[in-house]
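The lines below spell out each chain.
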Amino acid sequence: MTQGFSFSVLATDDLARQGEIVTPRGTIRTPAFMPVGTAATVKAMFVEDVRAAGADILLGNVYHLMLRPGAERIARLGGLHEFMRWPYPILTDSGGFQVMSLAKLRKLDESGVTFQSHIDGSRHHLSPERSMEIQDLLGSDIQMQLDECVRLPCSESEAERAMRLSLRWAERSRKVFRERPGRAVFGIVQGGESKRLRIESAQALAGMDFHGIAVGGLAVGEPQDVMLDMLETTAPHLPESKPRYLMGVGAPDDIVEAVTRGIDMFDCVMPTRAGRHGLAYTRHGRVTLRNARHADDPRPLDAQSSCPAARDYSRAYLHHLVKAGEILGMMLLTQANVAYYQELMAGLRAAIGAGRLADFIAETRANWIEGES
Ligand SMILES: Nc1nc2c(CCc3ccccc3)c3nc[nH]c3cc2c(=O)[nH]1
């Protein structure tokens with residue numbers, strides 16, 4: 001086991017866990033939401049503001065960074081933390097998921113994925129070994145195995161093929177992971193909508209000495225009840241002593257439901273992407289700032305928020321910025337959304353710690369319904 005990376009469960013409330021992941025670059029309070037920083041930036045935010053919003057860890061992407069500016073270049077410049085001036089933990093995805101959703105002319109075989117860059121058409125090959133090498137060059141604190149995430153719905157045989165390939169890639173990833181103090185590598189459960197396949201995947205990964213295990217293959221357009229059903233099937237087969245990361249999830253309601261089923265880590269493009277499109281997430285529900293109803297509203301998004309973007313600017317001003325396509329509109333709404341997600345996670349952590357998660361969720365949901373606008 002790599003010393004320097006450790007996860008502790010500090011409190012539980014039914015299946016929900018409140019804990020912390022200690023790394024040399026900082027502690028990650030769980031349940032945690034990890035803002036997506038795909039191209040070495042959380043779009044439209046200074047990293048200082050991401051930190052001020054309460055984030056303990058950011059996400060990076062092998063796919064984007066290997067294409068531009070290149071992993072070796074980032075390594076020469078001191079690694080990803082130095083490059084983007086974020087000294088705290090970074091988790092990087094292995095690239096397979098992004099290849100299948102972004103690249104052109106993809107070919108997948110036992111060796112890995114071959115593809116053409118969506119940026120300049122250049123050809124690349126990503127194997128489990130190369131993905132781990134890139135994540136090491138970036139200096140990633142938590143590295144993800146290369147996996148194959150099938151689109152849903154898909155046949156059981158297709159889900160089985162991809163799940164077994166991902167398990168073989170898990171072994172190869174774990175074998176070449178460069179053990180460094182405080183660095184971690186996570187396996188990823190696949191299996192589509194098949195309970196049998198997901199249980200087999202989870203049990204196999206549990207025996208492979210990973211530092212944490214992610215539940216993949218979800219948040220790919222399936223209904224929430226399917227996602228939750230797969231979580232209820234999978235989570236009991238994941239080691240209680242290791243962090244569980246649900247990839248790509250999700251809306252605030254998805255996160256709350258997944259926390260009650262024992263998930264510790266989340267990521268989603270929603271808060272940042274929605275911010276760029278004029279949509280605000282608040283404790284009172286979502287606010288569509290482009291809507292004319294906000295044109296004369298002097299109230300801020302949330303007077304109780306600790307985030308200046310949510311507390312100090314009128315909806316009328318935000319409406320104006322969004323309508324005018326002003327860059328500041330994207331910046332303020334992105335900051336407000338990231339801050340709200342962090343506030344939600346802080347509330348969940350405190351509620352689990354106090355053994356009052358059900359009450360907290362009831363209060364939270366009541367507020368959401370109150371203010372959709
Ligand atoms: N490797 C992998 N990634 C996934 C992502 C990207 C999460 C990500 C991590 C780091 C940066 C950006 C995105 C998914 N997003 C939605 N559903 C997802 C499923 C998978 C999956 O099964 N495997």
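Residues numbered from 1 in each chain as written. Predicted model: local features only at pLDDT ≥ 70, side-chain atom pairs only at ≥ 80, totals over all residues. Heavy atoms only, no water.

K.L.:
An account of the pattern of salt bridges is requested, with residue identities and associated values reported.
P.N.:
Tallied over the entire structure, the rule returns 31 salt bridges. Across the pair Glu 363 and Arg 356 runs a salt bridge, and its minimum N-O distance is 2.5 Å. The partly exposed category is assigned to Arg 356, whose relative accessible area is 31%. One connected set of salt bridges, linked through shared partners, spans Glu 156, Glu 160, Arg 164, Arg 196 and Glu 200. (Salt bridge = Lys/Arg side-chain N within 4 Å of Asp/Glu carboxyl O. Buried < 20%, exposed > 50% of the residue type's maximum accessible area, 1.4 Å probe, protein only.)

K.L.:
Tell me about the site of the ligand, and name the residues and values.
P.N.:
Close contacts around the ligand come from 20 residues, with Asp 93, Asp 147, Gln 190, Gly 217 and Leu 218 the closest. Contacts to the ligand include Asp 93, whose side-chain N or O atom sits 2.8 Å from a nitrogen atom. One of the backbone N or O atoms of Gly 217 is found 2.7 Å from an oxygen atom in the ligand. Those elements that place two or more of their residues in the shell around the ligand are strand 5 (58-61) and helix 5 (96-102). Looking at which element gives the most residues to the shell around the ligand, the answer is strand 5, with three residues. (Near = heavy atom within 4 Å. Polar contact = N/O pair within 3.5 Å; in protein donor to acceptor, adjacent residues only side chain to side chain. Helix = DSSP H or I, 4+ residues; strand = E, 2+ residues; numbered from the N terminus.)

K.L.:
Just give me the short version of the sheet that holds strand 2 (residues 16-23), but keep the residues and values in it.
P.N.:
Strand order across the open sheet formed by three strands is 1-2-3, with antiparallel pairing between neighbours. Two strands close off the open sheet at either side, each with one partner strand: strand 1 (6-13) and strand 3 (26-30). Strand-to-strand, the axes of this sheet are offset by a mean angle of 15 degrees, without reference to chain direction. Here strand 1 pairs with strand 2 via seven bridges, running antiparallel. Its bridge partner lying in strand 2, Thr 12 is registered against Arg 17. (Pairing = 2+ DSSP bridges. Axes fitted to C-alpha atoms, helices over the stretch in contact; angles between N-to-C directions.)

Shape descriptors only; they carry no functional weight alone.
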